Amino acid sequence: MNGGAAPIALALFIVLPFPRSLASQTGGSDAGPPPTPRSVPPPTALAHIAVTPPVIDGRLTDPAWAEATPVTGFVQRELHEGAPVTERTEVRILTDGQALYVGAWLYDRDPAGIVAGERVRDGDISKSDYFGILLDTYHDRQNGFVFTTTPAGIEYDAQVVNEGEGGGVQQPGQNRAMAGSMGGFNLNWDGSWTVATSVDSLGWYAEFRIPFTTLRYGSGEVQTWGLNLVRSIRRKNEEAFWSFIPRQFNLMKISRAGKLEGIRAPSRRVWTVTPYALAGVARNYTVDPEARGRADVGGEVKYGVTPSLTLDLTYNTDFAQVEVDEQRTNLTRFPLFFPEKRPFFLENAGIFSAGTPQAVDLFFTRRIGIDTLGQPVPILGGGRLTGRVGDFTVGGLQLFTDGRAGIQPAMSYSVVRLERELAARSRIGVIAVQRMATANTGDWNRVYGLDGRIGIRDAWTMDWWGAASATPGPDGNAAAYSARVGYETGAWSNGARIIQVGSDFNPGVGFLNRRGGYRFYEAAVMWKKRVPSIPLLKQWIPHVNYRGYYGLDGYWQEGRIHLDLGEVELANGGRFGPEVNVEHQGLQRPFAIASNVTLPVGSYDYTSLGWDLATNPSAPLSLVLRADVGGFYNGTRRGGSATLAARHASSFTTSLLLEYNDVRLDQGNFVRSLIATRVAYFFTPRVLFQTLVQYSNQARVWTANARFGWLSTAGTGLFVVFNEGRQADGFFQWNQPQARSLIVKYTRQFGRSG
């Protein structure tokens with residue numbers, strides 16, 4: 001098959017209908033135009049100056065709140081776009097020159113129906129009622145901070161870059177946690193702020209204190225920021241915004257935010273010192289004859305060079321408190337993507353995002369401090385400079401790691417990023433990345449990239465990037481590029497993309513989902529049809545997409561047509577639907593898919609059927625099912641996965657994941673199974689105990705991770721972490737141990753952080 005004509009024709013076929021879709025959308029949607037005209041100017045709120053700041057107790061009884069003007073007029077995004085919020089909602093905003101205070105009166109005529117959700121920080125708020133705040137502190141209509149809470153009083157915070165549009169390639173069957181931030185929404189950022197909630201017979205209430213030192217903003221004694229507020233009423237699957245957001249977008253649609261005026265932001269600079277002390281015992285059974293004691297100290301320093309530019313320094317960086325990676329089954333020829341979880345790398349991570357997340361990441365922080373075998377490498381120290389200088393967003397990173405004998409030498413990592421936001425959701429940026437062995441300056445790798453985005457009204461987004469790598473010696477074809485167009489309305493979600501990666505392109509501190517030397521084509525169409533006549537249904541979502549990889553010589557390496565004409569989203573948040581997948585695999589070399597099964601060189605075409613089912617995720621008991629049956633290379637595959645989750649009030653949650661694949665091929669048969677259990681108990685939103693126990697028969701490994709955390713501000717506090725790894729033939733069939741550790745770590749923040 002020709003390597004270029006077919007995918008280009010398919011992409012044109014899908015893209016060309018967009019103007020017709022736009023015409024039908026403007027001429028009338030399923031539910032009619034929203035009552036709130038899109039031409040109405042965004043609303044404006046005023047921050048009232050408080051002489052005596054309120055006490056953050058969630059009760060909203062302080063006199064200062066009565067003096068502020070209420071913010072009202074919330075409009076639904078879901079379930080009935082454009083309709084007023086169904087429950088009375090009032091918000092007041094105060095400032096005392098030190099912090100921003102937000103009080104929310106979230107009345108509810110059925111307080112017994114309020115869904116509090118679980119108490120874990122940054123938990124899944126879609127399963128509960130919630131109230132959230134978006135602050136566009138530079139008022140650039142593209143970047144901002146999110147602060148959200150639930151009736152359980154959790155802290156849910158994030159950074160938004162480029163309106164959250166990561167533009168990454170999400171893999172089939174992958175959830176958001178596996179995907180990470182996808183370049184635009186950084187949920188793993190933890191700021192220093194305080195929130196408290198309360199519930200009574202009239203509803204629930206939320207009281208926030210957000211210190212100015214937690215935020216980054218421009219100069220000026222009195223400022224105007226972008227602002228939006230959101231309320232979710234879970235039992236109604238209702239989400240309402242103060243500044244109207246069409247249903248195809250969400251809180252991250254910063255260009256549609258309103259204004260917050262009267263902000264008296266201090267010009268003082270943040271400075272904090274966050275030391276840690278760690279003690280423990282660990283043993284790697286393959287190399288250590290006995291357990292070794294461990295004692296470490298280190299920490300980080302944060303200094304505000306200006307109110308909008310921050311310097312972070314780190315010494316002897318440690319991530320002992322971070323949850324271990326989830327085990328995964330891999331039936332492909334290519335590496336799996338695991339998201340970054342380590343705290344130091346998460347603040348302002350979106351600034352350094354360049355390329356196509358999960359396909360061609362020009363910079364991927366998991367290449368620092370983790371060796372090729374997935375084992376941690378000591379990070380000796382370094383620094384990061386991020387923020388704003390005039391109209392430019394800037395980022396600089398310099399880190400040094402120790403070596404591991406026979407695996408990786410001591411390294412220096414350097415990154416420079418410069419980005420300029422333009423009008424209409426547009427931007428342009430450059431990035432340079434270098435890895436160099438500190439003891440051998442002839443061992444290095446460099447990548448240079450240029451990227452940008454163009455936004456046309458709300459619906460159209462076009463982004464692109466180009467990059468080149470360099471290593472000692474001849475580089476050959478060491479360039480790569482990509483272009484993507486997306487079209488998003490209330491009724492349509494369509495897109496097309498092309499990526500080309502040269503055969504010698506090598507981002508040494510990046511991520512490639514396969515070796516270079518290919519072109520990737522992607523085209524997708526999704527129709528979102530509302531069904532107001534059936535109360536149980538939210539929408540019907542038929543969609544089709546194509547993905548194809550072609551060698552630069554035209555060889556068809558891989559192709560997949562995903563056809564799902566029956567997917568339905570329920571009004572309670574559940575969903576179900578069948579699908580058909582038509583796949584092609586072209587093997588140019590033998591593929592050892594299992595220890596006893598090797599597929600020969602050749603072309604393989606097959607079709608499989610899939611089925612997805614998810615029940616109401618906010619219910620005390622919920623279920624997510626995935627089933628697959630049909631062809632697989634020259635044989636068959638039967639199996640799928642099931643996740644059963646249970647929750648008791650806001651304190652106790654547990655889940656069980658079972659994954660099973662029975663593969664039968666001409667060259668042999670094998671089974672892939674994976675079991676993962678999670679148990680968590682939350683004494684308070686900041687005191688918790690969590691466990692994750694996993695078994696994979698592909699890796700023949702059983703692992704256990706148990707963590708106790710007594711959290712303070714910004715994710716600091718006391719942590720007790722136990723890890724165990726064993727070779728195993730089953731979830732309860734353990735063999736010899738591989739590794740074991742018990743770590744106690746205490747981190748505390750000092751200085752002016754709020």
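Reading guide: rules and limits
- Residues numbered from 1 in each chain as written.
- Predicted model: local features only at pLDDT ≥ 70, side-chain atom pairs only at ≥ 80, totals over all residues.
- Heavy atoms only, no water.
- Helix = DSSP H or I, 4+ residues; strand = E, 2+ residues; numbered from the N terminus.
- Rg over C-alpha atoms; globule rule 2.2 N^0.38 Å.
- Contact = heavy atoms within 4.5 Å.
- Patch = residues over 30% accessible without salt bridge, like charges linked within 9 Å, V, L, I, M, F, W, Y side chains within 5 Å.
- Areas by Shrake-Rupley, 256 points an atom, 1.4 Å probe, with all protein chains shown as cover.
- Salt bridge = Lys/Arg side-chain N within 4 Å of Asp/Glu carboxyl O.
- Buried < 20%, exposed > 50% of the residue type's maximum accessible area, 1.4 Å probe, protein only.
- Pairing = 2+ DSSP bridges.
- Core = buried A, V, L, I, M, F, W, Y, C linked by side-chain atoms within 4.5 Å.
- pLDDT = per-residue confidence, 0-100.
- Phe/Tyr/Trp six-rings, centres within 6.5 Å; stacked < 30°, edge-to-face > 60°.

**A look at the overall build of the chain**
And then number 1: What the chain contains, in helices and strands, is four helices and 47 strands.
And then number 2: In terms of overall dimensions, the chain is globule-like: its C-alpha atoms have a radius of gyration of 26 Å, near the 27 Å expected for 754 residues.
And then number 3: For the chain, the spread of C-alpha atoms along the three principal axes comes to 75 × 65 × 50 Å.
And then number 4: Long-range pairs, those at least 24 residues apart, make up 61% of the contacts in the chain with a sequence separation of at least 6.

**Some remarks on a nonpolar patch on the surface**
And then number 1: There is a patch of nonpolar side chains on the surface, built from Phe392, Leu418, Leu422, Ile428, Val430, Leu450, Ile454, Ile456, Met462 and Trp464 and spanning about 760 Å² of accessible area.
And then number 2: Contributing elements (two or more residues each) for the nonpolar patch: β22 (411–422), β23 (426–437), β24 (440–456) and β25 (460–470).
And then number 3: In terms of residue count, β24 provides more of the nonpolar patch than any other element does, three residues in total.
And then number 4: With respect to the helices, strands and loops of the structure, Leu450 is situated in strand β24.
And then number 5: Residue Leu450 is classed as partly exposed on the basis of its relative accessible area of 40%.

**With respect to the sheet that holds strand β11 (residues 203–211)**
And then number 1: If you trace the five strands from one edge of the open sheet to the other, you get β2-β4-β5-β11-β10, paired in mixed fashion. At either end of the open sheet lies a strand with only one pairing partner, and these are β2 (48–49) and β10 (194–200).
And then number 2: Looking at chain direction, β2 and strand β4 (residues 89–95) are connected through two bridges and run parallel. Pairing of His48 across the sheet is with Leu94, part of β4.

**Brief notes about the nonpolar core**
And then number 1: By size, the foremost hydrophobic cluster in this structure holds 36 residues, and its most contacted members are Phe131 and Phe208.
And then number 2: If you list the elements that add at least two residues to this core, you get β4, β5 (99–107), β6 (130–136), β7 (144–149), β11, β12 (222–233) and β14 (258–264).
And then number 3: Ignoring sequence-local partners within four residues, the contact set of Phe208 consists of Ile56, Leu100, Tyr101, Val102, Phe131, Ile133, Phe147, Thr148, Thr149, Trp193, Thr194 and Val195.

**What about the pairing of strand β26 (residues 479–488)?**
And then number 1: Two strands pair when backbone bridges link them, and β25 and β26 are joined in this way by nine bridges, in the antiparallel orientation. Residue pairing for β26: Thr461 is matched across the bridge by Gly486.
And then number 2: As paired strands, β26 and strand β27 (residues 493–501) are joined by nine bridges and run antiparallel to one another. Bridge pairing links Glu488 to Ser493 in β27.

**Observations concerning the confidence of the model for the chain**
And then number 1: The predicted model of the chain has a mean per-residue pLDDT of 88, with 92% of residues at 70 or higher.
And then number 2: Confidence drops under pLDDT 50 across residues 1–37; counting only partners more than four residues distant or on other chains, this segment forms 45 contacts.
And then number 3: When the criterion is pLDDT under 50, residues 172–182 qualifies, and its contacts beyond four places in sequence or with other chains add up to 29 contacts.

**Side note on the packing of aromatic side chains**
And then number 1: In the structure shown here, the tally under the stated rule is 32 aromatic pairs.
And then number 2: Judged by centre distance (5.4 Å) and plane angle (50 degrees), the rings of Phe145 and Trp189 are tilted. Of this pair, Phe145 sits in strand β7 while Trp189 sits in the loop between β9 (185–186) and β10; the two residues are 44 residues apart in sequence, bridging distant segments of the chain. Comparing Phe145 with Trp189 shows no difference in burial state: the two are buried.

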